[in-house]
Amino acid sequence: MAPKFMKALAFGAALGAGLAFASGALAKDWKTVVIGMEGAYDPWNLTDSSGQIVGFEVDLANDLCKRIGAECKIIAQDWDGMIPGLKAGKFDVIMDGMSITDERKKEIDFSKPYAAPPAAFMAAKDSAVAKALGPGKVVDISKDKAAGDAAIKAVQAALKGKTIGVQSSTTHANFANKYLKSVATVQEYKTTDERDLDLKSSRIDIALDDYPPIAATLEKPDAKDFMIVGPEFKGDVFGGGEGMGLRKSDADLTAKFNKALDAAFADGSVKNYSMKWFKIDTTP
Amino acid sequence: MGDLGIFGFGPGGWGLALLEGAAMTLLVSACGLLIGAILGALVAWARLSGAAVPGAIGQAYAALFRGLPELLVVYLVYFGTSTLLTSAAHAVGYEGFVGVPSFFAGALAVGVISGAYQAEVFRGAYRAIAKGELEAAVSVGMNRWLMFRRIIAPQVLRFALPGLGNLWQVALKDSSLISVTGLTELMRISQVGAGSTHRPFAFYLGGAALYLVMTLVSNQAFEMAEARATRGMRRATG
Amino acid sequence: MFISSLLKLLGALPLTLEVWALSVVLGALIAAGVTWMRGSESKPMKLFARAYVAVFRGTPLLIQLFIVYYGLSSLPAVRASFVWPFLKSAFNCGVLSLALCTAAYQAEIFRGALLAVAHGQVEAARACGMSGLLLFRRVIFPIALRHALPAYSTEMISMVKATALVSLITLWDVLSVALKIRNDTLVTYTPLLIAGAIYFAVNYAIGAAFLTLERRLSTHLRPRPG
């Protein structure tokens, strides 16, 4: 009897140890986290003259990693290689002003949104649409329905018969297609560069994008003839926000970052970074 | 259109960058042509051997890459090589990620497409060899390697020159598509310069001029090579 | 995901085919003009025709496309002129640029085909009193057409592949839509491979159509049965 019991005990211990080892091997301890950014998406992330990647997401990433007790490595990756790179293990997180959408959720997991900036219209200062819409003003569609509706009607009136440019697969494209397709031509672009080039050559009359990149574009010398016009919308179709992209198999890391984000929201750190880089508060 | 100073070689000038881009174009096209030559020779050999399966594979490869847009092939090779290499590395136990530089992906894309056409050139060139020469070689007891080295290879190269000259030009032009991967060849430099100085007309025209110089010089070079290679041969025309 | 991608990609196929058809036809017209110039007695015309072919065959189509779409639109003179409404549209720019390029290749095909018409046939026709348009329509064109068909088939297929470049000047052709699906869903290969299959199918159909045409037009050249 005793030998049998000892055998069972030994077997149980071995099994337990084996399981502990296995789960230990499977669950990474996340001492280092590799984060992929483009370094070309001003002001989310950009490369400064010394070759360093800086920006809102760099500050936020360093902050969050400190909170979860990991060392962050940020590496540059062009957008096309970002998705395969995450899946293949080149990095563990994507932070690149990536919008949280249902379609993308099928392939990867997202953290909570760390920014939900308003959208902004950009047009030439001396254009008809600029005159019709006037300078930019924030309008929250979800919070104030009446003001939101009025603003949308104003935009529809000003853009009648005109062409608006948006980046494809974004909340702005959704907004334009939902509210403006009936009165204006909606031109979708694969990249914001293409859209901005068309705006400069007057192929389109007005562009719609997130406030931060528009503000960053307008700070450049060649954009001196352009300005933000019309309502800066928040809420409704713009609700999703931007978040960190992670592999579905790393749910533990996602949870860690979400906890860190909660703390960062609570003590105002995220707001500080937002004010520093965007000049407005983009906290969701 | 303004001054041509932007093309200069001074600090503000893009002349040097454009020339470097042209050099990169030549390099990546040459590598692509070489890869294409290897693939083309393999496919030609597969089809000429008469064996059913290799011949079918060769034919399928050629048909596939002649029927797909070159730009699509560039994207597929660019996206695919990283993933493939990483999976292969994982299979042999390597943990990390294997990145593939855009040069290699670009040259491979150009090569894979070129190979599909080079196969036909090599096949036609081989069949142009007088059967009598091959029979004579066998009758004097030459083994297959000697026959290849002395009779087949030199003549295939000679007959293939016009076709290869054309395919070199095609490779030069196809290399401009590699710009979408970010490789700093001539097209990409032109694009960056155009965006940076807001003078797309000047830069794209300048880039086009450099491409034209490359193709015209290449044409001359190939014509001279053909003249040398076919000296002493009787030809159908004068 | 497969079905929805396929449907979205097929939805973009009409645009691809429109660009292809219009540029091929416009290109043929321009090529006819260039060929005529090539055969003319005037030296400057001959020189222009040869230079045209050398330039448009010696430079990448992509850079030609960018010159038309981005280059021309950046010139204030162009934006103020009567061509601006035409050039404003990316579709028009794409068709124009592709047409200019294919015209150079088609001109060479026409030239080769015309050279292949045996002089004896032309002499005989002239001896019967045929000249000018009748000579062209009855003798030169039919013979030249048969010689041109194989090379023309290759050029038609090249043009389908060339339309993929308009994805780089903001047009939503099959390739653009495939890349968009990839961006939306973060799945890389499925949309691209489906797009590849669509292009391949179109090219196969064109090749088969030309083969049938060649066969039908050369029934009189085939050996008699039995």
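Residues numbered from 1 in each chain as written. Chains lettered and ligands numbered in written order. Predicted model: local features only at pLDDT ≥ 70, side-chain atom pairs only at ≥ 80, totals over all residues. Heavy atoms only, no water.

## Examining a nonpolar patch on the surface
Residue and element names in this part refer to chain C. On the surface, Leu114, Leu133, Phe136 and Phe141 cluster together to form a nonpolar patch covering roughly 400 Å² of accessible area. Top contributing element to the nonpolar patch by residue count: helix α8 (residues 132–163), with three residues. Note that leucine 133 resides in helix α8. For leucine 133, a relative accessible area of 68% puts it in the exposed group. (Patch = residues over 30% accessible without salt bridge, like charges linked within 9 Å, V, L, I, M, F, W, Y side chains within 5 Å. Areas by Shrake-Rupley, 256 points an atom, 1.4 Å probe, with all protein chains shown as cover. Salt bridge = Lys/Arg side-chain N within 4 Å of Asp/Glu carboxyl O. Helix = DSSP H or I, 4+ residues; strand = E, 2+ residues; numbered from the N terminus. Buried < 20%, exposed > 50% of the residue type's maximum accessible area, 1.4 Å probe, protein only.)

## What about the state of the cysteines?
Residues and elements named next belong to chain A. In this structure the tally under the stated criterion is one disulfide over all chains. Cysteine 65 shares a disulfide with cysteine 72; S-S distance 1.6 Å. The exposure class of cysteine 72 is buried, given its relative accessible area of 18%. (Disulfide = S-S within 2.5 Å.)

## So, the side chain of Gln106(C)
Structurally, the position occupied by Gln106(C) is in helix α6 (residues 90–115). Take Gln106(C): its relative accessible area is 0%, and that puts it in the buried class.

## Some thoughts on the packing of helix α4 (residues 102–127) of chain B against helix α6 (residues 144–174) of chain B
All names here are of chain B. In the contact formed by α4 and α6, the axes pass within 9 Å of each other and the chain directions differ by 150°. Taken together, the axis directions place α4 and α6 in an arrangement best described as roughly antiparallel. Here the hand of the crossing between α4 and α6 comes out right-handed. Contact residues: Val110, Ile113, Tyr117, Gln118, Val121, Phe122, Ala125 and Tyr126 in α4; Ile152, Val156, Phe159, Ala160, Gly163, Leu164, Leu167, Ala171 and Asp174 in α6. Considering only residue class, the contact of α4 with α6 consists of 14 nonpolar, two polar and one charged. (Axes fitted to C-alpha atoms, helices over the stretch in contact; angles between N-to-C directions. Parallel < 35°, antiparallel > 145°, perpendicular 65-115°, else oblique. Left-handed = near helix turned anticlockwise from the far one by under 90°. Contact = heavy atoms within 4.5 Å. Nonpolar A, V, L, I, M, F, W, Y, C, P; charged D, E, K, R; others polar.)

## Section: the pattern of salt bridges
Going through the model one piece at a time under the given rule, you end up with 19 salt bridges over all chains. The salt bridge involving Arg47(B) is made with Glu120(B); its shortest N-O contact spans 3.4 Å. Taken together, the positions of Arg47(B) in helix α1 (residues 15–48) and Glu120(B) in helix α4 put the pair 73 residues apart, joining distant regions of the chain. A salt bridge links Glu108(C) to Arg111(C); the nearest nitrogen and oxygen atoms lie 3.2 Å apart. Of this pair, Glu108(C) and Arg111(C) both sit in helix α6, three residues apart, which is roughly one turn of that helix. Owing to a relative accessible area of 29%, Arg111(C) belongs among the partly exposed residues under this scheme.

## Concerning the interface of chain B and chain C
Contacts between the two partners involve 34 residues from chain B, matched on the other side by 34 residues from chain C. For the chain B and chain C pair, buried surface summed over both sides reaches about 2800 Å², with 78% attributable to carbon and sulfur atoms. When the area that chain B buries against chain C is broken down by residue, the three leading residues are Phe79(B), Lys173(B) and Phe201(B), summing to 20%. One can count one salt bridge joining chain B with chain C. A salt bridge links Lys161(C) to Glu70(B), with the shortest nitrogen-to-oxygen separation between them at 3.7 Å. Taken together, the links from chain B to chain C amount to seven residue pairs in polar contact (both at pLDDT 80 or more). (Buried area = accessible area lost by both parts, 1.4 Å probe. Polar contact = N/O pair within 3.5 Å; in protein donor to acceptor, adjacent residues only side chain to side chain.)

## Some words on helix α3 (residues 61–71) of chain C
Along an α-helix, residues three or four apart share an orientation, since each turn contains 3.6 residues. The element α3(C) is largely enclosed, with a buried count of 11 among its 11 residues. Among the residues of α3(C), those classed as buried are Leu61(C), Leu62(C), Ile63(C), Gln64(C), Leu65(C), Phe66(C), Ile67(C), Val68(C), Tyr69(C), Tyr70(C) and Gly71(C).

## Thoughts on the environment of Glu188(A)
Within the secondary structure, Glu188(A) sits in strand β11 (residues 185–189). The spatial distance from the C-alpha of Glu188(A) to the C-alpha of Pro135(A) is 24 Å, given a sequence separation of 53 residues. Excluding residues that lie within four positions of it along the chain, Glu188(A) makes contacts with Val166(A), Ser168(A), Ser169(A), Ala173(A), Asn177(A), Thr170(C), Trp172(C) and Lys180(C). Of note is the side chain of Glu188(A), whose polar atom sits 2.8 Å from the side chain of Ser168(A).

## Looking at the packing of aromatic side chains
Centre distance and the angle of the planes are the two values used to describe a pair of aromatic rings. Applying the stated criterion to the full structure yields 21 aromatic pairs over all chains. Relative to Phe79(B), the ring of Tyr75(B) lies with its centre 5.9 Å away and its plane at 25°, an arrangement referred to as stacked. Taken together, the residues Tyr75(B) and Phe79(B), both in helix α3 (residues 70–91) and four residues apart, mark about one turn of the helix. In terms of burial, Tyr75(B) and Phe79(B) fall into one category: buried. Taking 6.3 Å as the distance between ring centres and 45° as the angle between the ring planes, the aromatic pair formed by Tyr152(C) and Phe210(C) counts as tilted. With Tyr152(C) in helix α8 and Phe210(C) in helix α10 (residues 189–217), this residue pair connects regions lying 58 residues apart in the sequence. Phe210(C) gets classed as buried once you look at its relative accessible area, which sits at 14%. The structure contains a cluster of three or more aromatic residues connected by ring pairs, namely Tyr41(A), Trp44(A), Phe56(A), Tyr114(A) and Phe278(A). Positioned above the aromatic ring of Tyr69(C) is the side chain of Arg203(A), whose terminal nitrogen or guanidinium carbon lies 3.7 Å from the ring centre. (Phe/Tyr/Trp six-rings, centres within 6.5 Å; stacked < 30°, edge-to-face > 60°. Lys NZ or Arg CZ within 6 Å of the ring centre and 35° of its normal.)

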